[in-house]
Amino acid sequence: MKRFITDKKRKVYLTLSIAFWVLIWWAMSVIIEEKLFLPSPFSVLKALISLFPEKEFWTSIAFSTSRVVLSYLVSFIVAALLGVFGGLSERIEILLSPLVKAMRSIPVASIVILVLLWVKSRNLSTVVSFLVVFPILYESVLSGVKNTDPLLLEAADNYRIRGYRRLRYIYLPSISPYIESGIKSSLGLCWKSAVAAEVIGLPLHSMGSKLYEAKVYLDTPSLFAWTLVIVVLAALFEKLAFLLFSMIKRRVMR
Amino acid sequence: MKVNIKKKAFGSDVIFSDLSLTIKEGVTSFIMAPSGWGKTTLLRIMAGLDDDYEGTVESKCDNNIVLFQENRLVEGISVLSNLKALGVKEEDSIDVLSHLSLYEERNKKVSELSGGMKRRVALSRVLLLSGDRYFLDEPFTGLDDECKREIAFYIAKKLSGKTVVVVSHNKEDSLLLRAVDTLVLGE
């Protein structure tokens, strides 16, 4: 029988697991003995600490983060609206289907290059991460609406629950777990695609351009340090997004 | 309301053939039949939820309120929110909930309630809505005898003068709901 791990123990195990992989990283860096290919955790930490006093470090974080937040919010709102409409009307779903499928399967690199022709590089990451995130969130909302219990819908029809009340009290409780899983799988991708777009578009004062500079100057510890910053920011945003969503959910779905 | 069903079938399985019955308006009619006879199917036809049959239901109306066999509640939200969804006044909801001994549970999520409590929430939903006819499918499922008596008394009072059709396999429910007409089918 599977034994369950308590939350407290889980946190301890997770910390130990991170320590284990950092140890492996350190061991590998000792074996390779070349900072250019694999810097040690200590040199990355040193590079990271050296970035903190720089104004450019914070400006870059602010620039990229604002782009990610904006694109994620817009994606979320558009996906929620179109997902609900698509779930309620098969015609709208069919109309959007080729577009969403194309957005899902076109490689990020192609999207970036194409979008670079349309918009200025400073707005590139916003558009690219919107195009990457939107289909995931749209399909989550669509599935939620389409999987609403038909027996519940029949009762709602009989009791004349329509419009806003139908959306809030019938559909929203059904959609909410799908939205949660959509957030889980899309927020990380939003960061990844935004930074990838910045690396190609090289807008001034962005984290992507800092990654590119680190690559050009073969400054691998800085490359790792910036990557670490992006990973931490993505994890923080995921936590924040869930917190925000559960607050909204608690308020709306009482 | 005159019901004349020549044939109702699910695939090759014929449920009813040449079934005729008359439901009196403004009173409670009770239809009793053993489990598996097709009570729910008959109720759905009478309530206009099922059109896939041969025959006629005379003097159909659009404003039928149905208590479904299943509770069909939104589990993830509170009892009160399930009632708010109906667009009725909160004080009316509180009043009905109090009569059904659910006042204390009003802010609890439906998923936290027992089977009997869920049935009572489903019943409160029906009692809050104003309809021309009420169709109740096994209204007392999961309720104990004492609770059943109290609730039946309240339902009878609340729906007095309305056309109510109740289907059940329990003859005692007919007396509790003060049914004027009792139709025993399937014997």
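Remember, predicted model here, so these are calculated numbers, not experimental data. (Residues numbered from 1 in each chain as written. Chains lettered and ligands numbered in written order. Predicted model: local features only at pLDDT ≥ 70, side-chain atom pairs only at ≥ 80, totals over all residues. Heavy atoms only, no water.)

What links the strands of a sheet is backbone hydrogen bonding, and the strands pair in either a parallel or an antiparallel sense. All names here are of chain B. The strand order across the open sheet formed by 3 strands is E2-E1-E4, and the pairing between neighbours is antiparallel. Of all the strands in the sheet, the pair left with one neighbour each is strand E2 (13–22) and strand E4 (54–57). Averaged over all pairs of adjacent strands, the angle between strand axes in this sheet comes to 15°, irrespective of strand direction. Where strand E1 (residues 2–10) lies against E4, 4 bridges are found, and the strand directions are antiparallel. Of the residues in E4, the one forming a bridge with Val3 is Val57. (Pairing = 2+ DSSP bridges. Helix = DSSP H or I, 4+ residues; strand = E, 2+ residues; numbered from the N terminus. Axes fitted to C-alpha atoms, helices over the stretch in contact; angles between N-to-C directions.)

Per-residue confidence for chain B averages 91 on the pLDDT scale, and 99% of its residues sit at or above 70. Both scores are given for the predicted complex: the pTM is 0.86, the ipTM 0.92. (pLDDT = per-residue confidence, 0-100.)

What follows is about the layout of surface pockets. Residues and elements named next belong to chain A. In this structure, the largest pocket spans a volume of roughly 750 Å³. Lining the largest pocket are 28 residues, with Phe76, Ile179, Ile183, Phe245 and Ile248 positioned closest to its centre. Breaking the lining of the largest pocket down by element, the ones donating at least two residues are helix H3 (55–88), helix H8 (163–201) and helix H10 (220–252). In terms of residue class, the lining of the largest pocket is built from 25 nonpolar, 1 polar and 2 charged. (1 Å grid on protein atoms, 1.4 Å probe; cavity = no way out; pocket = protein on both sides within 12 Å on 5 of 7 lines; lining within 4 Å. Points joined across faces, edges and corners; volume = space filled by probe spheres on them. Nonpolar A, V, L, I, M, F, W, Y, C, P; charged D, E, K, R; others polar.)

Residues Phe20(A), Trp21(A), Ile24(A), Met28(A), Ile31(A), Ile32(A), Leu36(A), Phe37(A) and Leu218(A) make up a contiguous nonpolar surface patch of about 960 Å² in total accessible area. Within the secondary structure layout, Phe37(A) lies in the loop between helix H1 (7–32) and helix H2 (41–51). (Patch = residues over 30% accessible without salt bridge, like charges linked within 9 Å, V, L, I, M, F, W, Y side chains within 5 Å. Areas by Shrake-Rupley, 256 points an atom, 1.4 Å probe, with all protein chains shown as cover. Salt bridge = Lys/Arg side-chain N within 4 Å of Asp/Glu carboxyl O.)

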